[in-house]
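Read off the chains here:
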Amino acid sequence: LVDPAVSKTGPRSPGAAAGGAVDVVQVRAVTKTFRSLDGRRRTAVDDVSFTLAAGEALGLVGESGSGKSTTARLVLAEFEPDAGSVLLDGEPWSGPRERDRRARRSRIQLVDQDPLGSFDPRFTVEQVIAEALGPGAPVNGSEGGRPEAPGSGVRGGRPFGSGAGARRERVVELLAAVGLDAGFLVRGPARLSGGQRQRVAIARALAPGPEVLVCDEPVSALDVTVQAQILALLARLRREAGLSLLFISHDLGVVRQVCDRVAVMKDGAIVEIGEVDAVFRAPRHPYTAALLAAVP
Ligand code: ADP
Ligand code: MG
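The model shown is predicted, which means the values in this text are computed figures rather than measured ones.

Cut-offs and rules
- Residues numbered from 1 in each chain as written.
- Chains lettered and ligands numbered in written order.
- Predicted model: local features only at pLDDT ≥ 70, side-chain atom pairs only at ≥ 80, totals over all residues.
- Heavy atoms only, no water.
- Buried < 20%, exposed > 50% of the residue type's maximum accessible area, 1.4 Å probe, protein only.
- Helix = DSSP H or I, 4+ residues; strand = E, 2+ residues; numbered from the N terminus.
- Arc of directions from axis to C-beta.
- Contact = heavy atoms within 4.5 Å.

Chemist: Which parts of the structure should I look at to understand helix H2 (residues 68–75)?
Modeler: Three or four residues apart is the spacing at which side chains of an α-helix point the same way, because the helix has 3.6 residues per turn. Counted residue by residue, H2 has 6 buried out of 8 residues, so it is predominantly covered. Directly after H2, the chain includes Ala77, whose backbone phi takes a positive value near 60°.

Chemist: Help me out: how do you make sense of helix H10 (residues 286–293) in this one?
Modeler: By the burial criterion, the buried members of H10 are Tyr287, Thr288, Leu291 and Leu292. Angular distribution of buried residues about the axis of H10 spans 140°; they occupy a single face of the element. Turned more than 90 degrees away from the buried face of H10 sit Pro286 and Ala293, all of them exposed. In this structure, the buried residues of H10 make contact with strand S3 (57–61), helix H8 (252–258), strand S9 (261–266), strand S10 (269–275) and helix H9 (276–281).

Chemist: Please clarify how the environment of Gly274 should be interpreted in this entry.
Modeler: The topology assignment puts Gly274 in strand S10. The class for Gly274 is buried, based on a relative accessible area of 15%. Expressed as a C-alpha distance, the spacing of Gly274 and Arg261, which sit 13 residues apart in the sequence, is 5.3 Å. The residues touching Gly274, leaving out its near neighbours within four places in the chain, are Asp260, Arg261, Val262 and Val279.

Read these as spatial facts, not as claims about activity.
Following this line, the structure appears as structure tokens:
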């Protein structure tokens, strides 16, 4: 039976935006098995279930190989589970049409360890973020605001059309939301520090206006002081934009700073899930206790 509160359709269910009672993501008994090079099957995710409420931050911890990233990719619908299902606002992920799948994907975005790593180094920050805004007016070139390719999206054929201007404004807004000024528009990824790269990556993830951010080890490549800044940024975005976070880390200390609840994964299964404070105070599973012992 589907709870009517979570069976609403539409790109933004009002219930999901307003209250904390609605589960934005429901992961129901998902299993995913990979066949390794030697032909043996290995169950990466084994009968995993959890929910993510609107505005909630749920941590997913566990050692390397425990199935965290595979769970993230199932939630992002990068591939189908062998069994079980993932629902977004009560709707199953895999729609009949690719167009529907794409529309859903803009509602749930990924930030991983180095999201800009795959970007052409010749791209500017403005281009990286504007690309994620979706189809529309061409983006102004980086040299003094001169458009490189005024065209289809620019109304009236004016070289400085309102479409391009509005897009740049939106990019500047997104940069501001992650604590970067407009001076960063013209920078290339190579001229960014690790923390700045991650801020740009978060701005890019915010561009389609997602409800959910899946963060897969988002601060693992960063120095501790920069880690703290990015964690504070994610916490603020969650508060201000009402984002829900699925926050994955092998580091329980980091999860404690960001999350309301935490799920502990071991060998593809969730061995414990609960309020962060409670799990820290009194872990119920010996594996959780062992993980906690490693937290400074
Ligand atoms: P974590 O993110 O917790 O380190 P992963 O989800 O990446 O764990 O991996 C879980 C298990 O699944 C590991 O044993 C890993 O080797 C295996 N695995 C993940 N992706 C693939 C894949 N594409 N092909 C084969 N095995 C995979
Ligand atoms: Mg991983």
